[in-house]
Amino acid sequence: MFAGFSKWVIEQRKYLILGALIITLVSGYFIRSIKVNPDFTSYLPKSDPVVRLFDHIGEEYGGNLLALIALEADDIFDAGVIRDIDRITRGLKTISGVSYVTSITNILDIRSDADGIEVSRLIDEYDLPETNEELDELKEYALAKEMYRGRLISEDATATLIICRLQPDADEAAIAQQIKTMIGQSAVSGQVYFGGMPFMMQDVSNMIIDDLKLLLPLVALLTALILYLGFRSPRGVLLPLIAVGISTTWTIGLMCALCVPVSLVSNIIPVILFAVGSAYSIHVISRLDEDPSAGDTSSSPTQPAAYLSGVILPVILAAFTTMVGFLSFVFGSYLTTIREFGIFATLGVFFSCIISITLVPALASYMKPKKQRKRNGPDERTRGRVISKITAATLKHPLLTLALSLVLIVIALLGVPRIERNVDILDYFKPGTEVRRAENLMKEKFGGSTPVQILVKGDILEPEVLMAMKRFQEFLESHADISHAQSVADLVEEMSFVVGEGRAIPGSRAKIANLWFLLEGEEIVTQMVNPQMNEAIIQATVGSSLQTDRVKVIVDGINEYIAENNTTEYSFEQTGMPSIHYRLDENIKQSLVSSIVLATTAVFITVLLLLRSLRGGLIGLVPIAFSLLGIFGFMGILRIPLDIATVLVGGVSIGIGIDYSIHFLGRFRREQARMGNTRDALQQTLQTTGRAISINVIAVTAGFLVLLLANLVPLQRFGILVAITMLASGYGALLMLPAIIILTKPVFGGRNNNSINEVHIKRSAK
Amino acid sequence: MKRITKTTTILLPVMFITLSWAQPEFTASQILERVDSVVNAPQDQTMNMKLILFDKNGNEREREIVMYQKGGDKRMGKILAPADQRGIAFLSLPGGVMYVYLPAFKKTRRIASHVKNTKFAGTDFTYEDMEAGAYGIKYVPEILKHEGSDHVLKLTPRPEIQSEYSMLKLWVDEKTFVPTKIEHYDKGKKLCKLMTRDKIEETSGYWLARESEMSDLRNGQKTKMIIQDVQFNQGLADDLFTERHLER
């Protein structure tokens, strides 16, 4: 069936190589305009109610992403420090994309004195305090006010915040970079920290690129080394790497050409293509290595083509099932970013498959394979010994193998319930990094940097509504993890105080409207209430890290309060980072379950059709089930949380596990048909396909352990999890499958008329 | 060299034409002086104004105010609408002194308004924009160009003046010396606000823009100020511009 195709590949090899080169160059051209989108609020669909509310607040109130700059000094109330803050505040205002800047040098201040009231600024930017008396007076005044203490100025006056509100459509990472550059250029007395989502996003996108730039070559190098040990030939080393490199270039190039930015999820595609895609070429080369005339370019193309045709079907099927596994993310996930990942990972696998059955053999036909196999060569013997020892043991003690597997399964099962879920972006950074230090400072001095927002609907000038807002704020602050609840109700109270009516919400609408006249148009007010006065927000700060269980308590608690307190006069709705995290987490869980179910079903059906045997289909699921259990058990035991990146490991593990099953069972089926004896057929399968699998397992596992050096924690975790997946899938395929087959002795249906068998027969006839 | 000669041959006549046309008998300072004298010509004026506030989504809110002004620096306003702010009165006196009467509290409070960029009653006019007083005192003028029938001046705040702007560009009608358009540039030298003045007409011998519009380019809001009715030189008493009078 594939004989004609194989012949065509070998005949048209020049054009295939040229074509691949052109496509690769074009893709490379597009990659130059690569964009990273680290904003995970955009990972939920725009139509999601929580996102809609979040975006609505962003648009109405000048943006909801806060870039926080903390300045730490011995004493903030120092003439030089205040000059610095003033200069930075003015400078930040000129950065386009920044809608508001709030700092002690421009914050609204409401005060009363003998003459009357003053609605002005805490510090007059045209008359900065210079003398010690002025500074002391300012310090005492500012620290006495709840509006500033612990919010803009730490209680011990050693740190202060400059808060930039970013416009909703702004490029967060770019602005974060501009802010850092601007502050870096101006000599600032004291230590500067950058906190809040925009800076985290900027750091994450830099780290993604840096990590990939540094580590992918390292992964490639190490994999190459192992491949060399396995194949002992340049083509065995180069071709899998070239295939992976090209398919990754095509995939990322296509993403760039279609203007799809690389997200915190899709940045893993190159890594995945490495793990999955390399296998296709390894199987092709391993198969071509079985051809004794390989590398002899003068000989007729019939010979290599014949060998090639035998491996095409398993490679296509393996790729097909892996694609099904990744496609399950497209249909199984609600998160846009995971769907994007699904689409492009599927395409990447498709490219890998096409390349491995066209370009790889085309290139291989020009290259010499391993020095002609001497049956008694030292390396062959060593490896042969290891493999045959393991296989012999397995074939001899299948029950023992299964018992060992059972023990591993039980250990894994114990780990599974311990899996934590975490979608906190802070967790992406290693302890001790700049971002972590900034966050610690924010937490210690200002109660955190993560905003939670409550949208209030109602007539904001009505006393009843303002009082309800005030009660809501008290409720929020009663929560251990929430502090600094703030709304326009506080300003109205403050205003009432300065006109001599006491610090409370006035009892009549007319009075509130009067006070409002004095506040209207203030920058801080436009960040808290809409111009029609029928909507306002309450903002508070979440101090804890956004671990899933914490987030759940916060979000559920607030929603409960809302359900109990909404009336016909006014209503509350919750949004902000905790609820976005909550939604992400819910959907990660759902994505994981539905993608595993979808992928497993699709894969089962495929194997069923391939082997035409129900038992075969079920046996084929063994490596998948084992590796899935393996990773989730491992994640539980090592406390690697399920996050937006590790959620993908399930799909990858299905993709890899199924490939092994298909290659192994496909070969076994042929060998069984040829040899008639299960044990011999297993032996033969283990020595041929088993060899390719073991090379793949060892090479990719070793390669991926390099990712432990990554700066980005998810990439680290992903590396170790892929390594575990490889080992577990390999174990499942090379040890469990033979053991099960020996014990159950299945006979797979279908007559075998594969051309490769003819070659075998011819060769044995020789 | 050749290129320079060529450029010069083209540019010189152009420059001559422009110069001879744009350079009548006025210097920049003279133009600004004329502007000041036109703007502050009446001894007093009483205006009924409507303020329409547009948010960035185009939603409108309206205010009605009656405003009394005497000379360049005494001003008293009373809010007529909306109902819940009716009766709020404010008085602005020379030296940045300002009083506000809050009818719901029956109290008058002195307001320190040394912050120039505070917006006036939620409009896009800041106290600085509303400040009467001569341009010539606050700015150093420079002629930029002549455009249509307008002089275009660049006004830079004098060093001793506190301003939220780094520069203004002022379009002045060459015949009447009434400003027709003002561009406001922020400290980052970016255009931040744009004021246009329309329906400029002569009423009782004085030039007046019946409608002016201030757009804040940073947040997409704008405010339209419509003078519905105006009376000049009624002999408003100084007594009107006192704290006591606010409460009436």
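Keep in mind that this is a model prediction, so the values were computed, not measured. (Residues numbered from 1 in each chain as written. Chains lettered and ligands numbered in written order. Predicted model: local features only at pLDDT ≥ 70, side-chain atom pairs only at ≥ 80, totals over all residues. Heavy atoms only, no water.)

1. Quick notes on the overall build of chain B
Now for step 1: When you go through chain B residue by residue, the secondary structure sums to five helices and 13 strands.
Now for step 2: Across chain B, every contact between residues at least 6 apart in sequence was considered, and the portion connecting residues at least 24 apart equals 42%.
Now for step 3: Summed over its atoms, the accessible surface of chain B is roughly 12300 Å², and 53% of this surface lies on carbon and sulfur atoms. (Helix = DSSP H or I, 4+ residues; strand = E, 2+ residues; numbered from the N terminus. Contact = heavy atoms within 4.5 Å. Areas by Shrake-Rupley, 256 points an atom, 1.4 Å probe, with all protein chains shown as cover.)

2. Structural notes on the overall build of chain A
Now for step 1: For chain A, the helix and strand inventory stands at 27 helices and 12 strands.
Now for step 2: C-alpha extents for chain A along the principal axes are approximately 115 × 50 × 40 Å.
Now for step 3: A total of 766 residues make up chain A; the buried ones form 63% of that total.
Now for step 4: A sequence separation of at least 24 residues applies to 80% of the contacts in chain A between residues at least 6 apart. (Buried < 20%, exposed > 50% of the residue type's maximum accessible area, 1.4 Å probe, protein only.)

3. Describing helix H16 (residues 463-478) of chain A
Now for step 1: The terminal C-alpha atoms of H16 of chain A lie 23 Å apart, and with 16 residues this matches the ideal 22 Å at 1.5 Å per residue to within 8%.
Now for step 2: Every buried residue belonging to H16 of chain A is among Pro-463, Val-465, Leu-466, Ala-468, Met-469, Lys-470, Phe-472, Gln-473 and Leu-476 of chain A, and all of these are buried. (Expected span 1.5 Å × (residues − 1).)

4. Points about the pairing of strand S3 (residues 98-102) of chain A
All names here are of chain A.
Now for step 1: S3 sits mainly inside the fold: four of its five residues count as buried.
Now for step 2: The pairing of S3 with strand S6 (residues 159-166) spans four bridges and is classified as antiparallel. Looking at the pairing, Val-101 lines up with Cys-164 of S6. (Pairing = 2+ DSSP bridges.)

5. So, the interface of chain A and chain B
Now for step 1: In this complex, chain A contributes 36 residues to the contact, which on the side of chain B involves 36 residues.
Now for step 2: Regarding the contact of chain A and chain B, the summed buried area is about 3100 Å², with carbon and sulfur atoms giving 53% of it.
Now for step 3: Of all residues in chain A, Tyr-126, Asn-514 and Phe-517 of chain A bury the most surface against chain B, accounting for 24% of the area lost on that side.
Now for step 4: Where chain A meets chain B, there are four salt bridges.
Now for step 5: Its salt-bridge partner being Arg-509 of chain A, residue Asp-84 of chain B comes within 2.5 Å of it at the nearest N-O pair.
Now for step 6: Here chain A is connected to chain B by nine residue pairs in polar contact (both at pLDDT 80 or more).
Now for step 7: Elements supplying a minimum of two residues to the side of chain A that touches chain B: helix H3 (49-60), strand S5 (116-121) and helix H18 (509-519) of chain A.
Now for step 8: At nine residues, the largest contribution of residues to the side of chain A that touches chain B is made by H18 of chain A. (Buried area = accessible area lost by both parts, 1.4 Å probe. Salt bridge = Lys/Arg side-chain N within 4 Å of Asp/Glu carboxyl O. Polar contact = N/O pair within 3.5 Å; in protein donor to acceptor, adjacent residues only side chain to side chain.)

6. Focus: H3 of chain A
Residue and element names in this part refer to chain A.
Now for step 1: Helix length check: H3, at 12 residues, gives a terminal C-alpha distance of 16 Å against a target of 16 Å (1.5 Å per residue), a fit within 8%.
Now for step 2: Among the residues of H3, Val-50, Val-51, Leu-53, Phe-54, Ile-57, Gly-58 and Glu-60 are the ones counted as buried.
Now for step 3: In this structure, the buried side of H3 is in contact with strand S9 (450-457), helix H19 (523-526), strand S11 (535-542), strand S12 (571-576) and helix H21 (577-611).
Now for step 4: Of the residues flanking the start of H3, the one acting as N-cap is Asp-48, its side-chain oxygen 2.9 Å from the backbone nitrogen of Val-50.

7. Some words on the packing of helix H4 (residues 79-93) of chain A against helix H6 (residues 172-185) of chain A
Residue and element names in this part refer to chain A.
Now for step 1: Their axes nearest at 11 Å, the elements H4 and H6 cross at an angle of 145°. You can see that H4 and H6 cross each other, and the crossing is right-handed. Residue-level inspection shows Ile-88, Gly-91 and Leu-92 of H4 in contact with H6, the latter providing Ile-179, Met-182 and Ile-183. (Axes fitted to C-alpha atoms, helices over the stretch in contact; angles between N-to-C directions. Left-handed = near helix turned anticlockwise from the far one by under 90°.)

8. Digging into empty space enclosed by the protein
Residue and element names in this part refer to chain A.
Now for step 1: Under the defined criterion, the tally for this structure stands at 10 cavities of 30 Å³ or more.
Now for step 2: Here the second largest cavity defines a volume of roughly 490 Å³.
Now for step 3: Leu-66, Ile-163, Arg-165, Gln-486 and Gln-539 are, among the 25 residues lining the second largest cavity, the residues nearest its centre.
Now for step 4: Broken down by secondary-structure element, the contributors of at least two residues to the lining of the second largest cavity are strand S2 (65-72), S6, S9, strand S10 (482-486) and S11.
Now for step 5: Of the residues in the lining of the second largest cavity, the class split is 13 nonpolar, 10 polar and two charged.
Now for step 6: Inspection of the lining of the second largest cavity shows a minimum of three residues originating in each of domain 1 (64-201) and domain 2 (459-569). (1 Å grid on protein atoms, 1.4 Å probe; cavity = no way out; pocket = protein on both sides within 12 Å on 5 of 7 lines; lining within 4 Å. Points joined across faces, edges and corners; volume = space filled by probe spheres on them. Nonpolar A, V, L, I, M, F, W, Y, C, P; charged D, E, K, R; others polar. Domains from an automatic or database assignment.)

9. Quick word on the domain arrangement of chain A
Residues and elements named next belong to chain A.
Now for step 1: In terms of domains, chain A is made up of domain 1 (64-201) and domain 2 (459-569).
Now for step 2: For domain 1 and domain 2, the distance between their C-alpha centres works out to 23 Å.
Now for step 3: With both chains or domains summed, domain 1 and domain 2 bury close to 1600 Å², and 58% of this area falls on carbon and sulfur atoms.
Now for step 4: When the buried surface of domain 1 facing domain 2 is broken down by residue, Tyr-100, Ile-110 and Arg-151 rank first, second and third, together holding 36% of it.
Now for step 5: Across the contact surface, domain 1 and domain 2 share one salt bridge.
Now for step 6: Of the charged contacts, one joins Lys-145 and Glu-494 as a salt bridge, the two residues approaching to 3.7 Å between their closest N and O atoms.
Now for step 7: Summed over the shared surface of domain 1 and domain 2, the result is four residue pairs in polar contact (both at pLDDT 80 or more).
Now for step 8: Take the side of domain 1 that touches domain 2: its biggest share by element is four residues, from strand S4 (residues 108-112).
Now for step 9: Residues of the side of domain 1 that touches domain 2, tallied by class, amount to nine nonpolar, three polar and six charged.

10. A look at the side chain of Asp-84 of chain A
Now for step 1: Structurally, the position occupied by Asp-84 of chain A is in helix H4.
Now for step 2: With sequence-adjacent residues up to four places away left out, Asp-84 of chain A is seen in contact with Ala-187, Val-188 and Ser-189 of chain A.

11. As for the packing of aromatic side chains
All names here are of chain A.
Now for step 1: Per the counting criterion, the structure on display carries 18 aromatic pairs over all chains.
Now for step 2: Their ring planes at 70° and their centres at 4.6 Å tell us that Phe-472 and Phe-572 sit as a pair that is edge-to-face. Note that Phe-472 is positioned in helix H16 and Phe-572 in strand S12, a separation of 100 residues in sequence.
Now for step 3: A relative accessible area of 0% places Phe-472 in the buried class.
Now for step 4: A centroid spacing of 4.9 Å and a plane angle of 20° characterise the contact between Phe-626 and Tyr-731, whose relative ring orientation is stacked. Of this pair, Phe-626 sits in helix H22 (residues 614-637) while Tyr-731 sits in helix H26 (residues 713-744); the two residues are 105 residues apart in sequence, bridging distant segments of the chain. An identical accessibility class is assigned to Phe-626 and Tyr-731; each is buried.
Now for step 5: Among the aromatic residues, ring-to-ring pairing joins Phe-472, Phe-475, Tyr-561, Tyr-570 and Phe-572 into one connected group.
Now for step 6: Looking at Arg-111, its charged tip hangs above the ring of Tyr-141, at a distance of 4.3 Å from the centre. (Phe/Tyr/Trp six-rings, centres within 6.5 Å; stacked < 30°, edge-to-face > 60°. Lys NZ or Arg CZ within 6 Å of the ring centre and 35° of its normal.)

12. Observations regarding the pattern of salt bridges
Side chains that differ in sign of charge can pair as their charged atoms come close.
Residue and element names in this part refer to chain A.
Now for step 1: For the coordinates displayed, the defined rule picks out 38 salt bridges over all chains.
Now for step 2: Ionic pairing is found between Asp-490 and Lys-470, a salt bridge with its closest N-O pair at 2.3 Å. You can see Asp-490 sitting in helix H17 (residues 488-498) and its partner Lys-470 sitting in helix H16, a full 20 residues away along the chain. Of the two residues examined, Asp-490 and Lys-470, each falls in the buried class.
Now for step 3: In this structure, the salt-bridge partner of Glu-494 is Arg-503, at a minimum N-O distance of 3.2 Å.
Now for step 4: The exposure class of Glu-494 is buried, given its relative accessible area of 11%.

13. What about the sheet that holds S2 of chain A?
Strand pairing in a sheet relies on backbone hydrogen bonds. The paired strands run either parallel or antiparallel.
Residues and elements named next belong to chain A.
Now for step 1: Taken in spatial order, the four strands line up as S3-S6-S2-S7 in an open sheet, and their pairing is antiparallel. Single-partner strands in this sheet number two, and they are S3 and strand S7 (191-195). Ignoring which end each strand starts from, the neighbouring axes of this sheet average 20° apart.
Now for step 2: Alignment of S2 against S7, held across five bridges, turns out to be antiparallel. Of the residues in S7, the one forming a bridge with Leu-71 is Val-192.

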